[in-house]
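Chain residues, written in single-letter form:
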Amino acid sequence: MTDINSLAPIATFCGKCDCGCPQLFVDESAPVERRVVITDDFGQRVEMSADQFGSLIEDAKAGELDAVAAV
């Protein structure tokens with residue numbers, strides 16, 4: 001597993017505090033199926049391909065994830 005400091009940061013989700021907000025990274029050195037990395041504020045991470053991430057984005061744009069955000 002690559003150290004988070006060597007990843008290219010793309011976005012921080014929240015960023016209004018110093019609590020270790022979830023972040024989105026690209027790991028250019030990872031295999032294609034694990035290049036997109038999302039970390040959470042508990043030290044966990046999810047690794048996925050750009051295609052999988054694109055599918056997530058499409059679902060979000062289509063409103064399929066709105067119920068989760070309303071919790």
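Residues numbered from 1 in each chain as written. Predicted model: local features only at pLDDT ≥ 70, side-chain atom pairs only at ≥ 80, totals over all residues. Heavy atoms only, no water.

**Quick look at the overall build of the chain**
Here is step 1: When helices and strands are tallied, the chain shows 2 helices and 4 strands.
Here is step 2: Taken along the three principal axes of its C-alpha coordinates, the chain extends 35 × 30 × 15 Å.
Here is step 3: Counted over contacts in the chain with a minimum sequence separation of 6, partners at least 24 positions apart contribute 11%.
Here is step 4: If you sum the accessible surface of the chain, you get close to 5200 Å²; carbon and sulfur atoms cover 55% of it.
Here is step 5: Averaging the coordinates of the 5 positive side-chain charges in the chain and doing the same for the 13 negative ones gives two points 3 Å apart. (Helix = DSSP H or I, 4+ residues; strand = E, 2+ residues; numbered from the N terminus. Contact = heavy atoms within 4.5 Å. Areas by Shrake-Rupley, 256 points an atom, 1.4 Å probe, with all protein chains shown as cover. Lys, Arg positive; Asp, Glu negative; His and termini not counted. Charge placed at Lys NZ, Arg CZ, Asp CG, Glu CD.)

**Quick word on the pairing of strand β2 (residues 23-26)**
It is a general feature of regular strands that their side chains alternate between the two faces of the sheet.
Here is step 1: Note that strand β1 (residues 8-12) and β2 share 4 bridges and pair antiparallel. For Thr12, the partnering residue across the bridge sits in β2 and is Gln23.
Here is step 2: Relative to strand β3 (residues 36-39), β2 runs antiparallel, the two sharing 4 bridges. Bridging from a neighbouring strand, Gln23 pairs with Thr39 of β3. (Pairing = 2+ DSSP bridges.)

**Comments concerning the sheet that holds β2**
Here is step 1: If you trace the 4 strands from one edge of the open sheet to the other, you get β1-β2-β3-β4, paired in antiparallel fashion. The strands lining the two open edges of the sheet, one partner per strand, are β1 and β4 (45-48). Averaged over all adjacent pairs, the angle separating strand axes in this sheet is 20°, with direction ignored.
Here is step 2: Where β3 lies against β4, 4 bridges are found, and the strand directions are antiparallel. Residue pairing for β4: Thr39 is matched across the bridge by Arg45. (Axes fitted to C-alpha atoms, helices over the stretch in contact; angles between N-to-C directions.)

**Focus on the environment of Ile4**
Here is step 1: Turning to its location among the elements, Ile4 is positioned in the segment before β1.
Here is step 2: The contact partners of Ile4, leaving out residues within four places of it in the chain, are Phe25 and Thr39.

**Let's talk about the pattern of salt bridges**
Here is step 1: Scanning the entire structure with this criterion turns up 2 salt bridges.
Here is step 2: For Glu47, the salt bridge goes to Arg45, with nearest N and O atoms at 3.2 Å.
Here is step 3: You can call Glu47 partly exposed: its relative accessible area is 25%.
Here is step 4: Through salt bridges with shared partners, a single network forms among Arg34, Arg45 and Glu47. (Salt bridge = Lys/Arg side-chain N within 4 Å of Asp/Glu carboxyl O. Buried < 20%, exposed > 50% of the residue type's maximum accessible area, 1.4 Å probe, protein only.)

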